[in-house]
Amino acid sequence: EHAVPAERLLYTPNGVDTAAFPPGNDVRASRVLMVGSLRWQKGYPDALAAFASFKELRPDWILDIVGVGPLDEELESLARDLNLEGSVRFLGMQSREQVSALMRECRIFLLSSVSEGFPKVLLEAAASGIPIVTTDVGSCRDLAERGVGLTIQPADTKAMAAALESMADDEELWRSSARRGPDVAKEYSWAATARILHEAYTEVLSR
């Protein structure tokens, strides 16, 4: 903000391999998916508390958590304390192909982070056509508000549960978010982001 004039800055967003995350269809399991390292930044305790509230009237729903990290044992213990045994599955490390398949199978993608930049996993979710519920950290709102999901404040477990309820119960909202996601993701494809850099270098080298 202070060292370089704004007109000299070039914004290059994260890119996503849209070919590796093709969109799924409208037939999805009653499952919420989370993908990320099991660290404090990801806000998993908030997600577990919100999911416990969400599933009180939806006992058949499952929360799938992909990732490993220093909070493994703590989060599994919290899930037991919240009586979520059998309803939360800690899937550990998964390959990109396995994550892609999960994104096409599950009905809602949840990001409960308390700190973020521009998480690529949201782009992967959008490309896969899985509607998003995300906290308003980093650039998450910029993506969600383009019609691919809902945004809530970090650590607000009541709002998180309510957003999950809205996405689970409002079929029109779910379908519009699912169908909008792949179109938005294309704007962040490797081809699109590479073109930004290519044009910038071409302009500079032609001076």
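Please read these numbers as outputs of a predicted model, since none were measured by experiment.

Asker: Summarise the overall build of the protein; cite the residues concerned and give the values.
Answerer: In terms of helices and strands, the protein carries eight helices and six strands. When the elements of the protein are put in sequence order from the N terminus, they spell out β-α-β-α-β-α-β-α-β-α-β-α-α-α. For 207 residues, the compact-globule estimate of 2.2 N^0.38 gives 17 Å, and the protein sits close to it at 18 Å. Once the C-alpha set of the protein is aligned to its principal axes, its extents read approximately 65 × 35 × 30 Å. Taken across its 207 residues, the protein has 45% of its residues classed as buried. For the protein, contacts bridging at least 24 residues in sequence account for 72% of all contacts bridging at least 6. Working note: accessible area of the protein is about 10,700 Å², and carbon and sulfur atoms make up 50% of it. Side chains of the protein carry 22 positive and 31 negative charges; the gap between the two charge centres is 5 Å.

Asker: Describe the packing of helix H1 (residues 44-54) against helix H6 (residues 157-169), naming the residues involved and giving the relevant values.
Answerer: Packing of H1 against H6 brings their axes to within 8 Å, and their N-to-C directions diverge by 55 degrees. In terms of axis orientation, H1 runs oblique to H6. Classified by chirality, the crossing of H6 by H1 is right-handed. In this structure, H1 contributes Asp 46, Ala 47, Ala 49, Ala 50, Ser 53 and Phe 54 to the contact, and H6 contributes Thr 157, Met 160, Ala 161, Leu 164, Glu 165 and Ala 168.

Asker: Kindly report on the pattern of salt bridges, identifying the contributing residues and their values.
Answerer: Counted according to the given criterion, the structure contains 14 salt bridges. Between Asp 26 and Arg 179 there is a salt bridge, with its nearest N and O atoms 3.0 Å apart. Remark: Arg 179 occurs in helix H7 (residues 171-186) and Asp 26 occurs in the segment before strand S1 (29-35); sequence separation between them is 153 residues. A relative accessible area of 28% means that Asp 26 is categorised as partly exposed. Members of the salt-bridge network, linked through shared partners, are Asp 26, Arg 107, Glu 171, Arg 175 and Arg 179.

Asker: Which residues make up a nonpolar patch on the surface, and what values do they have?
Answerer: Taken together, the side chains of Leu 10, Leu 197, Tyr 201 and Leu 205 make up a nonpolar region of the molecular surface, amounting to roughly 470 Å² of accessible area. Looking at where Leu 197 falls in the secondary structure, it is placed in helix H8 (residues 190-205).

Asker: I'd like a rundown of helix H4 (residues 120-128), residues and numbers included.
Answerer: Most of H4 is tucked away, with eight of its nine residues classed as buried. Three or more residues of H4 are buried, namely Val 121, Leu 122, Leu 123, Glu 124, Ala 125, Ala 126, Ala 127 and Ser 128. Considering only its buried residues, H4 is in contact with S1, helix H3 (96-105), strand S4 (106-111), strand S5 (132-135), helix H5 (140-148) and H7. Looking one or two residues beyond H4, the residue adopting positive phi is Gly 129, at roughly 75 degrees.

Asker: Explain the environment of Ser 37 residue by residue, including any values.
Answerer: Secondary-structure assignment places Ser 37 in the loop between S1 and H1. By relative accessible area, which is 30% here, Ser 37 ends up partly exposed. The sequence separation of Ser 37 and Arg 141 amounts to 104 residues, and the corresponding C-alpha distance is 21 Å. Once residues lying within four places of it in the same chain are set aside, the contact partners of Ser 37 are Lys 42, Tyr 44 and Val 68.

Rules behind the numbers
Residues numbered from 1 in each chain as written. Predicted model: local features only at pLDDT ≥ 70, side-chain atom pairs only at ≥ 80, totals over all residues. Heavy atoms only, no water. Helix = DSSP H or I, 4+ residues; strand = E, 2+ residues; numbered from the N terminus. Rg over C-alpha atoms; globule rule 2.2 N^0.38 Å. Buried < 20%, exposed > 50% of the residue type's maximum accessible area, 1.4 Å probe, protein only. Contact = heavy atoms within 4.5 Å. Areas by Shrake-Rupley, 256 points an atom, 1.4 Å probe, with all protein chains shown as cover. Lys, Arg positive; Asp, Glu negative; His and termini not counted. Charge placed at Lys NZ, Arg CZ, Asp CG, Glu CD. Axes fitted to C-alpha atoms, helices over the stretch in contact; angles between N-to-C directions. Parallel < 35°, antiparallel > 145°, perpendicular 65-115°, else oblique. Left-handed = near helix turned anticlockwise from the far one by under 90°. Salt bridge = Lys/Arg side-chain N within 4 Å of Asp/Glu carboxyl O. Patch = residues over 30% accessible without salt bridge, like charges linked within 9 Å, V, L, I, M, F, W, Y side chains within 5 Å.

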